[in-house]
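Each chain, letter by letter, is given below.
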Amino acid sequence: MKVRLMLPDEAFDVRQALPAGADALSSDLDLDAVLEAMSGGDALVRETSRVALLTAPRNAPEAVGFRQAMLRDALRSPATVRRLYGLAGEADARRRKQWLGVFSRSPTGMLAEAAALMHMYLDMLARLRSIVTDAPAELTSAAWRGLAESVRVELDDGFFEAARRTLGEVRRGGGVHLSAGLGEGNAGRDYALRRASSRRPGWLAWALRRGPATFRLAPLDDDGARVLADMRNAAAAPPAALLAHAAEGVREIFGGLRTELAFYLGCLNLHERLMARAVPMTFPTVHEAGSRTLRFRGLVDAGLALRSPGRVVGNDLDLDGKRLIVISGANQGGKTVFLRSLGLAQVLAQAGLFVTAEAYEGAACNGLHTHFSREEDAGLVSGKLDEELARLSGIVDALEANGTLLLNESFAATNEGEGSEVARQVVSALVQRGVRVAFVTHLVAFAEQAHRAGGPATASLCPELLPGGTRTFRMVPARPGGSGHVEGLYRDILAEAVEGSAGSG
Amino acid sequence: MPDGTARAETFQSLLYPRTAAASAHALTPAGASLHDLGLDAILDAAASSSAARAVLSAPLRDPAAIRYRQEVMRDLESAELRDAVTSFRADLRAAAVRLDEEADAGFPYARERAVLDAAVRYVRAVAGLSEALQAARLTSRGLARLRDRLMSIVAGADFTSLARDSKRAWDGLSALHYSLRIEGRSVTVGPTPASHELHDDLSRQFGRFMQDPPPEPQPRAYLPAGRSAVQAQILRRLAALHPEPFEALRDFAGHHHDVIDPLVARVDGELDFYLDYLRTIAPLRAAGLPFCYPTVGPREAGCLCLDTFDLALALRLVAGGSPIVPNDIELRGGERMLVVTGPNQGGKTTLARTFGQLHYLAALGCPVPGREVRLAPFDGLLTHFQRGERAGDLRGRLVDELTRLRELLEAATPDSIVVLNEPFASTTLADARFLGRKLLARLSQLDLRAVIVTFVDGLSTFDAKTVSMVSMVDAEDPAIRTLKVLRRPADGAAHALAIARKHGVTLEQILERLSP
């Protein structure tokens, strides 16, 4: 019996090693805002969601579809998800209460303890069965049907009956019946416990016919008692290990159920929060990695939407076929927020969630990496470039074809000519190797060169400036301009002071 | 070696071509030298028995005796043969253990069963090894002679009847199955019960929950004492119920007594040396480090060691997963002395140790670290390392050092291998240069082979017999401590240049890694 609610073929491992660069991805995309909304105050929900998001940029489109369908079911019957999640938590709590985590040393004791633990689990499994059986009929995802089918086949009446009988026999204690053979030194070997079911007649007849086959230990024969205990232990060891292993398996089933439902619970929480803020949500269409599809309408940065009190401006763009997206232009125009929204949408889409947009269609990526300029090192200019390139080198180690790299103000720690040359070499090498790059930059020489040389696979975007210099915080295709990027700021902040005084003087 | 020669001689020993040659020509380096060269650590890691330790502690002088061992060791490199030898030894040792227990009385059929158990294991051991040796393509005289000897033992009438009788008695007892009904302190012995095994039913009913394959049963974890009074009671009842196999057992033990041939027992002990060494270097080979059988040529042919390394250090580092940097060591024609200089932590001492180890291990008949190794015979290993932190003033330590050097020079002959590590480290540079020149003059005059690790650059150009080697520091990863030591003129700037390499490569390095 297996729980497969997040991936079609394997359990979701919440303790798995995260991909290289996961910490940077998390802080650069401000995942905390999203995770806070998902958690609803539950640490397990938060942790599972965190791992699900950070490992998302490797999921194939099939896995994405699998999760989307299950999430749709969860949205149809949130109560079922919450009830199962509660049951799985209770199973864990009862196990902890009943059993402190270490089985007895002696196999005989261990067998009894494992039987008691399994007995408790049988109750929990019966409740699992009734929740699943009572769930609304409109739950149709492959994930849900897999669980329901597994419950129907594995947890049938016949199973519960036979299992209760066997466990009852083990727990009753008293005399035991075992079989053995002779090994080296005429020592006993192959000790095995037998079921009690075969009753006396044959046995008794045999014993009577063949004479005194029974002996008793003397009342003070402690050595003899010890040997008998050893024989019982030798016979009990394999079934004890087996039953303990099976109990561990049930623990993992409930644990897996709890973990995987925690993710969907997180999705439900996020959905509620975004609904309350009237943020648009859509289930994205996710294409094969390498298809280079990317177009969206009304895409907002989910983190910003959750944090800011007002309405957030959405972006509409068709970036199909683009391998390189260069975002340059005016400061304070929303470039970094846009870059984040691209990354976060990629993460949410590939994690199987809805995306904060009115419509979204995009290619899966094979690993998502971020290289954002780190402000804290701004003091040491030469040291900063050193740090940036060392960090880039680490990313290059982890990059694969059809991976995606988001660069934010990279290589700005040197003069523009040198920085642009570094950027040109790095970006063109990456693009040649099939990596998709989105780059927010002030390196005008690089942005212009990329625009000139890039052809149809390159998109140049700038924040939209309305006539008169008003910023809309929307990105539009535009030729990168050499001098425009501070003009807006200059106008807003300095122009009056400078020109005003010039005019008066 | 040709099989014809092998057949001509009867088997004596796997370690020596002739028994008389045994220890007469062995070298016995001082314990301090073993420690200086890291050989004590190698011996500790390798020797699994006192027999193996004795062999590992006595390098040979005679090139013919060394070749005899190299042949055997080469044959034992075959994993199949080694597996066969390993199970041979396991069975033989278990047989000996059973016979030692035999004296225990008071348990029914104790002596008879011990003889039977020992016989079954001994038969399997000898027949198995004989077959494996016949199946193997042997090139060593030692193992070919052993094979012939074992074949004649196995074909003999004694062995044949031992094998036949032991199998019959064993099979009869193994076929016995019985049941025990234990209720409190009462035990009833009966036939095999018809009911299911609990384990099978649990497996059928609860297997559906197992996320991983079930754990391997560990039948030995709770094995009841074999010769208990309880088991004696059970046995007596079993023997009364099934007399036939027990009569066959008594019959067998009455006919067979001394089951183990002393020659076979001796072979077992001699194998320790070979198997211990091969087992010790196996993880290093698995990590990709090269080993080879050194050739031993005349002194005038010089010495050549390609991709060699310090075995003691490699054993430590490979266990910890750290990389090893191999080095080349060469003495051409009239060259005799390697003077090693360069930055600290650069692998100088390691190289010096390696040179000494290579000679020692080669003289044992072992494969040595390196892709290709050619050495000349030697008659002694003399070493001079700093002796811990002995209390006392500088002058006292210098006196002590000079005294030890005098003893070393007195013991040295033209066939000695001398390893000097940082002599005169406690004196001034001028004093060290002065003393070093005197020391090298004497070593050069003796015409012996030596490695001298020193901070005195000037010694590297002492005379025509001197070769200069310099340790390099890898500025990229100072964590790597066994680094390249290259044959080149001593140069105080090498370190600074190496560090300069680290900076100025950033972009090129990135682009290089991106190339498909």
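These numbers come from a predicted model, not from an experiment.

Asks: Any chance you could explain the overall build of chain B here in plain terms?
Replies: From N to C terminus, chain B includes 19 helices and 14 strands. When each of the 516 residues of chain B is scored for burial, the buried share is 51%. Intrachain contacts of chain B at a sequence separation of at least 6 include 77% that bridge at least 24 residues.

Asks: I'm lost on the nonpolar core in this one. Help?
Replies: Nonpolar side chains tend toward joint burial in soluble globular proteins. By size, the foremost hydrophobic cluster in this structure holds 254 residues, and its most contacted members are Leu128, Phe254 and Leu353 of chain A together with Phe206 of chain B. If you tally residues by element for this core, the top one is helix α10 (residues 222-276) of chain A, at 25 residues. What phenylalanine 206 of chain B contacts, discounting residues up to four positions off in sequence, is Met118, Leu122, Phe159, Ala163, Leu167, Leu243 and Ala246 of chain A. Core analysis: the second largest hydrophobic core is formed by 23 residues, Val422, Val437, Phe446 and Ala450 of chain A among them.

Asks: How should I be thinking about the packing of aromatic side chains in this particular structure?
Replies: Both the distance between ring centres and the angle between the ring planes are used here to describe each pair of aromatic rings. All names here are of chain B. For the structure on display, the rule yields 14 aromatic pairs over all chains. Between phenylalanine 291 and phenylalanine 309, the ring centres sit 5.6 Å apart and the planes meet at 90 degrees, which makes this aromatic pair edge-to-face. In this pair, phenylalanine 291 sits in strand β3 (residues 291-292) while phenylalanine 309 sits in the loop between β5 (303-308) and α14 (311-319), placing the two residues 18 residues apart along the sequence. With a relative accessible area of 13%, phenylalanine 291 lands in the buried category.

Asks: What's the story with the interface of chain B and chain A in this structure? I'm lost.
Replies: Much of the literature gives interface size as the accessible area that the parts lose upon coming together. Counting residues at the interface gives 68 residues for chain B and 87 residues for chain A. Here chain B and chain A share an interface that buries about 7300 Å² over both sides, 63% of which is from carbon and sulfur atoms. The largest per-residue losses of area from chain B upon contact with chain A belong to Arg181, Arg185 and Phe209 of chain B, which jointly make up 11% of the total buried on that side. Counting across the chain B and chain A interface gives three salt bridges. Where arginine 195 of chain A meets aspartate 201 of chain B, a salt bridge forms, and the shortest distance between an N and an O atom there is 2.6 Å. Connecting chain B to chain A are 28 residue pairs in polar contact (both at pLDDT 80 or more). When residues of the side of chain B that touches chain A are traced back to their parent elements, those giving at least two are α7 (110-135), α9 (157-174), β1 (177-183), β2 (186-190), α10 (198-206), α11 (229-241), α12 (243-255) and α19 (506-514) of chain B. In terms of residues, the side of chain B that touches chain A owes the most to one element, α11 of chain B, which gives eight residues. Its residues assigned to classes, the side of chain B that touches chain A comprises 36 nonpolar, 19 polar and 13 charged. Sheet topology note: the strand β3 (residues 214-216) of chain A/β2 of chain B ladder contains three bridges and is antiparallel. Within β2 of chain B, the residue paired with arginine 216 of chain A across the bridge is serine 186 of chain B.

Asks: Is there a simple way to think about the sheet that holds strand β5 (residues 294-299) of chain A in this case?
Replies: Picture the strands of a sheet paired through backbone hydrogen bonds; they go either parallel or antiparallel. Residues and elements named next belong to chain A. Pairing within the open sheet is mixed, and its four strands lie in the order β4-β8-β5-β6. Of all strands in the sheet, those with a lone pairing partner are β4 (285-287) and β6 (315-318), marking the two edges. Averaged over all pairs of adjacent strands, the angle between strand axes in this sheet comes to 20 degrees, irrespective of strand direction. Across three bridges, β5 lies against β6 in antiparallel orientation. Among the inter-strand pairings, phenylalanine 296 is bridged to a residue of β6, identified as leucine 317. Contacting β4, β5, β6 and β8 (359-363), helix α12 (residues 335-351) runs over the sheet at an angle of about 110 degrees to β5.

Asks: Looking at this structure, how should I read the pattern of salt bridges?
Replies: Pairs can form between side chains of opposite charge once their charged atoms are near each other. Enumeration according to the criterion identifies 53 salt bridges over all chains in this entry. For arginine 58 of chain A, the salt bridge identified is with glutamate 400 of chain A, shortest N-O distance 3.5 Å. Residue arginine 58 of chain A is located in the loop between α3 (43-54) and α4 (61-76), and its partner glutamate 400 of chain A is located in the loop between α13 (381-398) and β10 (404-408); the two are separated by 342 residues in the primary sequence. For arginine 58 of chain A, a relative accessible area of 38% translates into the label partly exposed. Residue classification places glutamate 400 of chain A among the partly exposed positions, given a relative accessible area of 39%. Residues aspartate 272 of chain B and arginine 93 of chain B are paired through a salt bridge, measuring 3.1 Å at the closest nitrogen-oxygen approach. With aspartate 272 of chain B in helix α13 (residues 262-286) and arginine 93 of chain B in helix α6 (residues 79-101), this residue pair connects regions lying 179 residues apart in the sequence. Through salt bridges that share partners, Arg299, Arg336, Asp415, Asp447 and Lys465 of chain B make up one connected network.

Asks: What is the right way to look at the packing of α4 of chain A against α10 of chain A in this model?
Replies: Axis angle and axis distance: for two packed helices, these are the angle between their axes and the distance between the axes, and together they describe the pair. All names here are of chain A. Where α4 contacts α10, the axes come no closer than 10 Å and their chain directions differ by 65 degrees. Between α4 and α10 lies a crossing of right-handed hand. Here Arg67, Met70, Leu71, Ala74 and Leu75 of α4 come into contact with α10, specifically with Phe263, Tyr264, Cys267, Leu268 and His271. Its residues assigned to classes, the contact of α4 with α10 shows eight nonpolar, one polar and one charged.

Asks: Is there a simple way to explain the sheet that holds strand β12 (residues 449-453) of chain B in this structure?
Replies: Residues and elements named next belong to chain B. A sheet is described by the order of its strands in space; here six strands give the open sequence β10-β11-β12-β7-β13-β14, paired in mixed fashion. Of all the strands in the sheet, just β10 (380-384) and β14 (485-487) have a single pairing partner and so form its edges. Between one strand and the next, the sheet's axes are offset by a mean angle of 20 degrees, whatever the strand orientation. Of the pairings in the sheet, the one linking strand β7 (residues 337-341) to β12 comprises four bridges and is parallel in character. Note on β12: the bridge partner recorded for leucine 338 is valine 451.

Asks: What is the right way to look at the confidence of the model for chain B in this model?
Replies: Residues shown with low pLDDT carry predicted positions that ought not to be read at fine detail. All names here are of chain B. Residues at a pLDDT of 70 or more form 84% of chain B, whose mean pLDDT is 84. Long-range and interchain partners of residues 477-482, a stretch whose pLDDT sits below 50, account for eleven contacts in this model, where long-range means more than four residues apart. When the criterion is pLDDT under 50, residues 492-510 qualifies, and its contacts beyond four places in sequence or with other chains add up to 19 contacts. Taken together, the chains of this predicted complex give a pTM of 0.64 and an interface ipTM of 0.78.

Asks: Even after reading the chapter, I still don't get the packing of helix α2 (residues 31-39) of chain A against α10 of chain A, so can you show me in this structure?
Replies: All names here are of chain A. Relative to each other, α2 and α10 sit at 105 degrees, their axes nearing to 7 Å. On the basis of their axis angle, the class for α2 and α10 is roughly perpendicular. Contacts between α2 and α10 involve Val34, Glu36, Ala37, Met38 and Ser39 from the first element and Phe263, Leu265, Gly266, Cys267, Asn269, Leu270 and Arg273 from the second. Grouping the amino acids of the contact of α2 with α10 by side-chain chemistry returns seven nonpolar, three polar and two charged.

Conventions adopted
- Residues numbered from 1 in each chain as written.
- Chains lettered and ligands numbered in written order.
- Predicted model: local features only at pLDDT ≥ 70, side-chain atom pairs only at ≥ 80, totals over all residues.
- Heavy atoms only, no water.
- Helix = DSSP H or I, 4+ residues; strand = E, 2+ residues; numbered from the N terminus.
- Buried < 20%, exposed > 50% of the residue type's maximum accessible area, 1.4 Å probe, protein only.
- Contact = heavy atoms within 4.5 Å.
- Core = buried A, V, L, I, M, F, W, Y, C linked by side-chain atoms within 4.5 Å.
- Phe/Tyr/Trp six-rings, centres within 6.5 Å; stacked < 30°, edge-to-face > 60°.
- Buried area = accessible area lost by both parts, 1.4 Å probe.
- Salt bridge = Lys/Arg side-chain N within 4 Å of Asp/Glu carboxyl O.
- Polar contact = N/O pair within 3.5 Å; in protein donor to acceptor, adjacent residues only side chain to side chain.
- Nonpolar A, V, L, I, M, F, W, Y, C, P; charged D, E, K, R; others polar.
- Pairing = 2+ DSSP bridges.
- Axes fitted to C-alpha atoms, helices over the stretch in contact; angles between N-to-C directions.
- Left-handed = near helix turned anticlockwise from the far one by under 90°.
- pLDDT = per-residue confidence, 0-100.
- Parallel < 35°, antiparallel > 145°, perpendicular 65-115°, else oblique.

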